[in-house]
Amino acid sequence: MLDTHLLLWAAAGSPRLSAEARALIEGPDSEPMFSAASIWEVAIKAGLGRADFQVDAGLLRRGLLDNGYGELPIAGNHAAATAHLPPLHRDPFDRLLVAQALAEGVLLLTADETVARYPGPVQWV
């Protein structure tokens, strides 16, 4: 599963996406996925005018699905699991992504060094 920034960079073909991240995403055994939380984050932050989130959330989602990405919905157990995370990061979207990765046993790829400090299946790329 990709964090929101990696997701945006991968979708846009951005040079900000590291070679390591690209190899993991495009590898032959890869099953790239995104969280509904990332689509929600894009919708909210684009609406606030954030320059790094200037994309239509609906079009992003459709493009990801059309390109073989799986979508992980948000469930109550994901939201509840955020209460058990150490207070390393204040961003509620990132905390939800970490909780989803832990609950579902999927690897979360992140470009955020703080998020990468969480225990569990989180990898900084």
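Quick note: structure is the one above.
Reading the values: rules and limits
- Numbering of residues starts from 1 in each chain and follows the order in which that chain's sequence is written.
- In keeping with the predicted nature of the model, local features appear solely for residues at pLDDT of at least 70, side-chain atom pairs appear and are counted solely at 80 or more, and the whole-chain, interface and lining totals rest on all residues.
- Each side-chain value is worked out from all heavy atoms of the structure, with water and hydrogens disregarded.
- Strands here are runs of E lasting at least two residues and helices are runs of H or I lasting at least four, both read from the DSSP assignment and numbered beginning at the N terminus.
- We call two residues in contact whenever any of their non-hydrogen atoms come within 4.5 Å of each other.
- A patch consists of residues exposed above 30% relative accessible area that lack any salt bridge, with like charges linked at up to 9 Å and nonpolar side chains (Val, Leu, Ile, Met, Phe, Trp, Tyr) linked at up to 5 Å.
- Surface exposure here means Shrake-Rupley accessible area, sampled with a 1.4 Å probe, where a residue is shielded only by the protein chains that are shown.
- Whenever a carboxyl oxygen of Asp or Glu lies within 4 Å of a side-chain nitrogen of Lys or Arg, that contact is scored as a salt bridge.
- To sort residues, take the accessible area from a 1.4 Å probe on protein chains only and compare it with the maximum for the residue type: under 20% means buried, over 50% means exposed, and anything in between is partly exposed.
- Think of each axis as a best-fit line through the C-alpha atoms, taken over the contacting stretch in the case of a helix, with angles from 0 to 180 degrees between the N-to-C directions.
- An angle below 35 degrees is read as roughly parallel, one above 145 as roughly antiparallel, one from 65 to 115 as roughly perpendicular, and any other as oblique.
- Three classes are used, and their members are as follows: Ala, Val, Leu, Ile, Met, Phe, Trp, Tyr, Cys and Pro are nonpolar, Asp, Glu, Lys and Arg are charged, and the others, Gly among them, are polar.
- In the analysis that follows, any N or O atom pair within 3.5 Å is treated as a polar contact, provided that within protein one partner can donate a hydrogen and the other can accept it, and provided that, for residues neighboring in sequence, both atoms belong to side chains.

1. Notes on the environment of V55
Then, number 1: Positionally, V55 belongs in the loop between α3 (36–47) and α4 (57–66).
Then, number 2: Spatially, the C-alpha atoms of V55 and L72 are 20 Å apart, while their sequence positions differ by 17 residues.
Then, number 3: Not counting residues up to four positions away in its chain, the partners in contact with V55 are L8, V42, A46 and L60.

2. Here's the deal with a nonpolar patch on the surface
Then, number 1: A cluster of nonpolar side chains, namely W40, I44, L48 and I74, defines an oily patch on the protein surface of about 410 Å² accessible area.
Then, number 2: For W40, the position within the fold is in helix α3.
Then, number 3: The class for W40 is partly exposed, based on a relative accessible area of 47%.

3. What to know about the packing of helix α1 (residues 4–12) against α3
Then, number 1: One way to put it is that α1 packs onto α3 with a least axis distance of 10 Å and a crossing angle of 80°. Here α1 lies roughly perpendicular to α3, going by the angle between them. Of α3, the residues touching α1 (which contributes T4, L7 and L8) are S38, E41 and V42.
Then, number 2: For the contact of α1 with α3, the per-class residue count stands at three nonpolar, two polar and one charged.

4. Comments concerning the side chain of S35
Then, number 1: Considering the arrangement of structural elements, one finds S35 in strand β1 (residues 33–35).
Then, number 2: A polar atom in the side chain of S35 sits 2.9 Å from the backbone nitrogen of A37.
Then, number 3: Within polar-contact distance, the side chain of S35 engages the side chain of Q100 at 2.5 Å.
Then, number 4: Once residues within four sequence positions are removed from consideration, S35 is found in contact with M1, L72, I74, L97 and Q100.

Taken by themselves, the reported measurements are silent on function.
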